[in-house]
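# Architecture at a glance
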Amino acid sequence: MAESAGAAAETFAPPAAFAAAARVKNRKEYDELYRAAAANPAEFWAELARRELHWLQPFTQAREWNYPFVKWFLGGKINASDNCLDRHLTGPRKNKAAIIWEGENFEQRILTYQDLYRRVAKFANVLKAQGYKAGDRAIIYMPMVPEAAVAMLACARIGVIHSVVFAGFSAEALKTRIDDLGATLVITADAAQRRGREIPLKRNVDAALAECPAVRKCIVYRHKNAGIEMKPERDAWWEDLMFGASEVCPPEPLDSEHPLYVLYTSGTTGKPKGVVHATAGYLLETLMTMQWVFDIREDDTYWCTADIGWVTGHSYIVYGPLAAGATTLMYEGAPDWPEPDRFWRLIEKYRVNVFYTSPTAIRSFIRQGDKWPKRRDLSSLRLLGSVGEPINPAAWRWYNQVIGQNRCPIVDTWWQTETGAIMISPMPGAVAAKPGSATLPLPGIIPDVVDLKGEPVAAGQQGYLIIRQPWPAMFRTLYNDAERYRENYWAKVPNVYFTGDAARRDADGYYWVLGRVDDVINVSGHRLSTMEVESALVRHAAVAEAAAVGRPHDLKGQALVVFTVCKGGVPKSPELVEELRAWVGQEIGGFARPDEIRLVDALPKTRSGKIMRRLLRELVTADKVSGDTTTLEDYSVLLELAKTKGDEE
Ligand code: WTA
């Protein structure tokens, strides 16, 4: 980021043709919108909520802010699936493609809004027939198939709170989430596919459910014809239950604040946090950002490459695009399968107009070479997006030139699982981009860069990124843990939302997000808690202690390095390193497998026994330690550590 983090950085004005057709056409319009919203955020959002959402009963109060708990649109009744489906059926969107799906083996399915509506209504009736009702909790552990969206929307239709668990998570991680949520239903598939290999989802579910007696029912979508075991009573095939289910299922009128879903994300302890999102506010802001940020058009084909298991998939594959009546493309499979041009091939085939991906993906495309995108026709693209981590200016420029062909604005969107929707991003027709900066906050969002006392720091200085006012898509709490919610997010800096990110604001007011300030690291855009990895390792019989840190990585943004102390008598060996890496994969999921494990004799600790991760971070980043070591208990430990070097993957 040092490359150009400042007011003087290179700027890219919105391309004139794009701006002329955009909803918000120039900087003046953005400034006016932003100012009007900031003057009275509650009223600003209320007006949009009345205009943009379909209410089953109008709300009577815009906001109740009872620090740090917020409620939006009180007194209203609403249903997310009604807003994503039913309201599109009376006009020309009825037969418009809602979801275009492509599988890794080039299978294709297109579901119109009418199709999707019918499936959701039927599946909602299936859930009702199984005795599920508003307030019950369901886990969705599915591949990237339209049925994942059907399951989410069917839950929403009857008020069942869903929690999607990324299909890359292990049985162990799945079990932890089922337990924490007190789920009584699991919706899954026989298997998923990735790089030609089948991932045995149902087998993972079986392993998890062996220890989750509260789960009464497991509904299995047949995706791959994988040979699986079905447990009588508990397990049922999706297709069997759907057969003959009624297509009539009126949307349940739910309170604006009814929890729509819980999504588990990594925090600074070993235990994942259940981020709770409420219905109306979340829906409003995912919809508004589809307009403001993606400037979505009736005839667009829109593609977000995230997985539905992460928040980006929730907000920008399912709820946002469908609430906007857009056509959303869903691809199950790897970007480089069967060849590194698969994404470009998809763009060419479906004439994708809006493309939203991650910096990690962009960096891997750069590495594979320009010949892959160059052999495909990308002329349909109108707008490009990036999310998940800071995008380095070099990757930004490549994205702009090679993919956008200098024609498409790039929206670098900063947000989090907790924020629910995009918070800081250029409005593409109005705000000039600076590569590496997420630019300016969206209307109704009031961020700042402050010190720990909450005082704004000077332009160009690094500080903590905070948000001053609650917004509609803000998470409401952590599931069953309001105390942790208060402590993690509302107590670090008094009276404001603490994002956990460091940032700088330049003289033009542009935000440059620099990365996490806590023990969360960002590997390929996936949030990982160092504590979670450490706890997984110490569950292994050979391990006494572990300390995980991130180190900068060209491709992944950050790589995970774990210093591991084995129990007495356990010999250090490359085999053990491999075994431990595989163990973490099994305990959490393949994406959490450490890049390096360094077997060491001791960890640097303070006199009070705290592991000094800061020193380890310096060690893996700079290969030496220059910071303050005066609180270190035994300096020789550090000297020994400096001699270790792991083998990179
Ligand atoms: C990081 C993903 C810089 C940041 C939507 C944040 C970013 C964390 C950006 C949230 C961006 C996300 N620029 N950093 N455009 N987008 N981040 O919860 O550190 O998986 O706190 O949500 O990713 O990750 P999460």
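Residues numbered from 1 in each chain as written. Predicted model: local features only at pLDDT ≥ 70, side-chain atom pairs only at ≥ 80, totals over all residues. Heavy atoms only, no water.

### Here we look at the domain arrangement of the protein chain
Think of interface size as the accessible area that goes away when the parts come together; that is how it is often given. When its domains are assigned, the protein chain resolves into domain 1 (3-79 + 259-513), domain 2 (103-251) and domain 3 (524-643). One C-alpha centre belongs to domain 1, the other to domain 2; they are set 28 Å apart. With 38 residues of domain 1 in contact, the opposing surface of domain 2 contributes 35 residues. In total, about 3,400 Å² of surface goes out of reach between domain 1 and domain 2, with carbon and sulfur atoms giving 60% of it. (Domains from an automatic or database assignment. Contact = heavy atoms within 4.5 Å. Buried area = accessible area lost by both parts, 1.4 Å probe.)

### Side note on the site of the ligand
Taken together, 17 residues surround the ligand, and among them D412, T413, T417, D501 and R527 come closest. Take P390: an N or O atom from its main chain is 3.4 Å from a nitrogen atom of the ligand. In this structure, a nitrogen atom belonging to the ligand sits 2.8 Å away from a main-chain N or O atom of T413. For the ligand, the protein covers 95% of the area, taking 530 Å² as the surface of the free molecule. Elements with a minimum of two residues in the shell around the ligand: α11 (311-323), β21 (410-413) and β26 (511-516). Its residues placed into classes, the shell around the ligand shows 6 nonpolar, 6 polar and 5 charged. (Near = heavy atom within 4 Å. Polar contact = N/O pair within 3.5 Å; in protein donor to acceptor, adjacent residues only side chain to side chain. Areas by Shrake-Rupley, 256 points an atom, 1.4 Å probe, with all protein chains shown as cover. Helix = DSSP H or I, 4+ residues; strand = E, 2+ residues; numbered from the N terminus. Nonpolar A, V, L, I, M, F, W, Y, C, P; charged D, E, K, R; others polar.)

### Concerning the sheet that holds β26
Spatially, the 4 strands line up as an open sheet ordered β22-β23-β25-β26, and their pairing is antiparallel. Looking along the sheet, the strands with just one partner apiece sit at the ends: β22 (447-450) and β26. Adjacent strand axes in the sheet meet at a mean angle of 45° when their direction is disregarded. Judged from the 4 bridges that link them, β22 and strand β23 (residues 462-467) form a sheet pairing that is antiparallel. (Pairing = 2+ DSSP bridges. Axes fitted to C-alpha atoms, helices over the stretch in contact; angles between N-to-C directions.)

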